[in-house]
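Structure at a glance
Each chain, written out:
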Amino acid sequence: MQIQPLDYFITIAYILGVVALGLYAGVLMKKKSSAGEGRDYFLAGGTLTWPVIGMALFATNISCVHLVSLAQAGYDEGLLQGNFEWMAAFTLILLGLFFAPFYIRARVSTLPDFLEQRYNRNCRDWLAVLSLVGAISIHIGMSFLTGGLVIEEIFGINFYTGIVTIALLTAIYTIVGGLLAVVLTEAIQTVILILGACTITWFALEKMGGWSEMTTVLTEQGELNRLSMLRPTGDESHMPWYSIMLGYPVIGIWYWCADQTIVQRVLGAKDENHARVGPLFAACIKILPVFIFVLPGLLAYTLASKGLFDISSLPIDSDGEVDTKNIYTLMITQLLPTGLVGLMIAAILAALMSTVSGALNSISTLVSFDLYKRFRPQATDHQLVTVGRIAAAVALAIALGLVPVLRTSDSIFRTLNEIIVHIAPPITCVFLLGVFWKGATAFSAQWTLWVGSAMCVAMIVVKKYATLPLDLNNDFMLLSFVLFCSCVMLQVVLAKARPKAGTAGENVDLTWSSPLEPLRAPGWSGILNYKLITLGILLTMAVLYLVFR
C-alpha cells in the first residue's frame, strides 16, 4: 500500500509526542511526590479526576483489538457485536454505583487486596494469578496481534518487527512514568482515537451515499437483520438476544468491575465522587463504538456489494472464505485522503499503546503489592517500584511469545471473548456475592475460585470432544451464564455448609446491607450528580435498543 510522506510524518510525530508526554509525566510525578513513591507510581498519588478516569477507562478498553475486530465483525455479521459496547454501559454503572465506593473506602491498591479484606489471603493470591494471566493474554497479547496485522498491512513492515518496536516504545514511558504517565497519555489517545474513528465512518457514509442508501442495499439483499442488535433463537451468529442478556453481565462485571487493568484508574481517584462519576462518563462514551467501530465494517460490506470497495486483495482462509481480519486497514487506505491516513494510523497506534500501557501498569502493581510484598512485607516503596518495573518488562516478553499462538485464530473478537468466558465466571461470582451477600464466607469464596476455575478450563476440553445441550459449544455467551450459575450454587452451598466462623479477613463491612444503600450518598449537585447521570444513561440505552432491536 502506498503511504505518502505526510502520513509518515503524522504517525511518527504522534508516537514521539506520546512517548515524550509519558516521560514528562514520570518527571512530574517525582517533583510533586506527596503520597509516597509507591502510591504515586502505581496509583498516581490518588489525584485522578472523573474526566481523566472516564477517558482512561475508555482508552484502556478500546484496544487495537476493537478497532480491527469490531470492523471485521461489522463486515461479517452487522451490528450484533456492538452489544459488547452498549452492554458495557450497564456494568460501568455497577462499577460507579456499587463497587467503586468500597474500593475507595478500603483504600486498596489492587483488587486482590480487596478480596483479602473481604475474604482471605488465598482469594487474593488466586485472583492475582488470574489477573496476571488475563492482562498478559487478553490486554497485551491480543492487542499485539491486531497491531502487528495493521502495521504489516499498511507499512509492509515485518509483523514481529512492528510489534516489538511498538512494545519497546510503550514500555519506555509506562515503566518510567507509572500510572500518571498511563492516564495522561490515555486521555490524549482517547481524543485521537475518537476523531480518527469518526473520520473513517464519515468518509464511508459519504461514499455509500448515506444511511438510507446502506439500508436500501441491505433490504435488496434480504439482510436488513444486520442492523439488529437483538437476534432471534436459531440465528446463525449463535448469539440470540437472551444469550446476550444473560451472558454479558458475567463477563462484563469481571472485565469492568473486577479486572485490575481496567479498575486501577478508579483506584487512583481523588475521592469517592470522582470514582463514581468517572465510570459513568466512560459509560456515556461507550455509546459511540457501535457507530464508529462496528458500523464502518457494515458500510464496507454494503460498499463492496455495490462494487464501490475492492476486497480482492484480502486472502482466502482454509474454509475458502474471504479472511476479513484486515478489512479496517483496507478501508483506511482506500477511503481516506493523504494526511487523514496518518491520523487513522495514529488512532490505531493510540488504541494499541493505551491498552498495553494500562496492562503493564496493572501487572507491575499486582506483582509488587500482591506477590513480592507478601514475601517481603518490609519492602520499601522504592523496592516495590523497582520490582514492578522488572515485572512489566518480563510480562511484555511473555506476551510477545504468545502472539504466534493467538495468530492462528479465525475471528479475533470471538477468540478474545472465548478466553474471557473461561476466566470470568468464578471471579464475577465471588465479587458479586461478596459485595451483596453478608453470608459469603472466606471458605466458600476460595473454593469457588479454585473449583470454578478448574471447571471453566475443563469445559474447553469438554466442548472439543462432546456435543453440549443448548448450543453451548457455539454460544459462548450462554456458556458463561451456565458456568456462572454453577459457581453461585457452589459458593452458596459451601457458605451454608460451613458458615462464617468469625475468622480474620471475612469483613462483612465491605458488603452492602441492601441494593439501595449505595444510592443514599447524595453525591455532587447539578448535572454531575451520579444519580442524574445514571438515569440519563439508562434512558438513552433504552431508546437505542428500541431503535436497533
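Right, let's walk through the structure included here. Quantities reported herein were computed from a predicted structural model and do not represent experimental measurements.

About the cut-offs
Within each chain, residue numbers correspond to sequence positions counted from 1 in written order. Given that this is a predicted model, residues contribute local features only at a pLDDT of at least 70 and side-chain atom pairs are listed and counted only at 80 or more, while totals for whole chains, interfaces and linings are drawn from all residues. With hydrogens and water excluded, all non-hydrogen atoms of the structure serve as input to the side-chain values. Throughout, nonpolar core names a set of buried Ala, Val, Leu, Ile, Met, Phe, Trp, Tyr and Cys residues whose side chains join them through atoms within 4.5 Å. Whether a residue is buried, partly exposed or exposed follows from its accessible area with a 1.4 Å probe, protein chains only, as a fraction of its type maximum: under 20%, in between, or over 50%, in that order. By the criteria applied, helices consist of DSSP H or I runs no shorter than four residues and strands consist of E runs no shorter than two, each listed in order from the N terminus. Only heavy atoms matter for contacts: two residues are in contact if any of them lie within 4.5 Å across the pair. Under the convention used throughout, the expected extent of a helix is 1.5 Å for every residue step, that is, one less than its residue count. When two rings of Phe, Tyr or Trp (its six-membered ring) have centres within 6.5 Å they constitute a pair, described as stacked for plane angles under 30 degrees, edge-to-face for angles over 60, and tilted for the intermediate range. For a Lys NZ or an Arg CZ to count as sitting over a ring, it must be within 6 Å of the ring centre and within 35 degrees of the ring normal. By definition here, a salt bridge exists when the distance from a side-chain nitrogen of Lys or Arg to a carboxyl oxygen of Asp or Glu is within 4 Å.

Our next topic: the nonpolar core. Ranked by internal contacts, the top residues of the largest apolar core, which has 180 residues, are F99, Y103, F144 and F431. Here this core gets 17 residues from one element, more than from any other, and that element is helix α15 (residues 340-375). Residues contacting F431, with those up to four places away along its chain left out, are F99, Y103, L111, F114, L115, L127 and A258.

For helix α16 (residues 381-406), with 26 residues, the first-to-last C-alpha span of 36 Å sits near the 38 Å given by 1.5 Å per residue. Of the residues making up α16, those classed as buried are L384, V385, V387, G388, A391, A392, A395, L396, A399, V403 and L406.

Applying the stated criterion across every chain, the model contains 20 aromatic pairs. Seen from their ring centres, Y103 and F114 are 5.0 Å apart, and the 85° between their planes marks the pair as edge-to-face. Taken together, the residues Y103 in helix α5 (residues 83-105) and F114 in helix α6 (residues 111-118) connect sequence positions 11 residues apart. With respect to class, Y103 is no different from F114; both count as buried. Members of the aromatic cluster, connected to one another through ring pairs, are W86, W211, F291, Y545 and F548. Lying across the ring of Y530, R276 places its NZ or CZ 4.3 Å from the centre. Taking NZ or CZ as reference, R498 lies 4.4 Å from the ring centre of F443, over its face.

Side chains that differ in sign of charge can pair as their charged atoms come close. Taken as a whole and judged by the stated rule, the model has 11 salt bridges. In this structure, R121 engages E116 in a salt bridge whose closest nitrogen and oxygen atoms are separated by 3.9 Å. Residue E116 is classed as partly exposed on the basis of its relative accessible area of 23%. Measuring nitrogen to oxygen at the nearest pair gives 3.2 Å for the salt bridge that ties D125 to R121. Of the two residues, D125 and R121 are both situated in helix α7 (residues 121-155); the distance of 4 residues between them amounts to about one turn of the helix.

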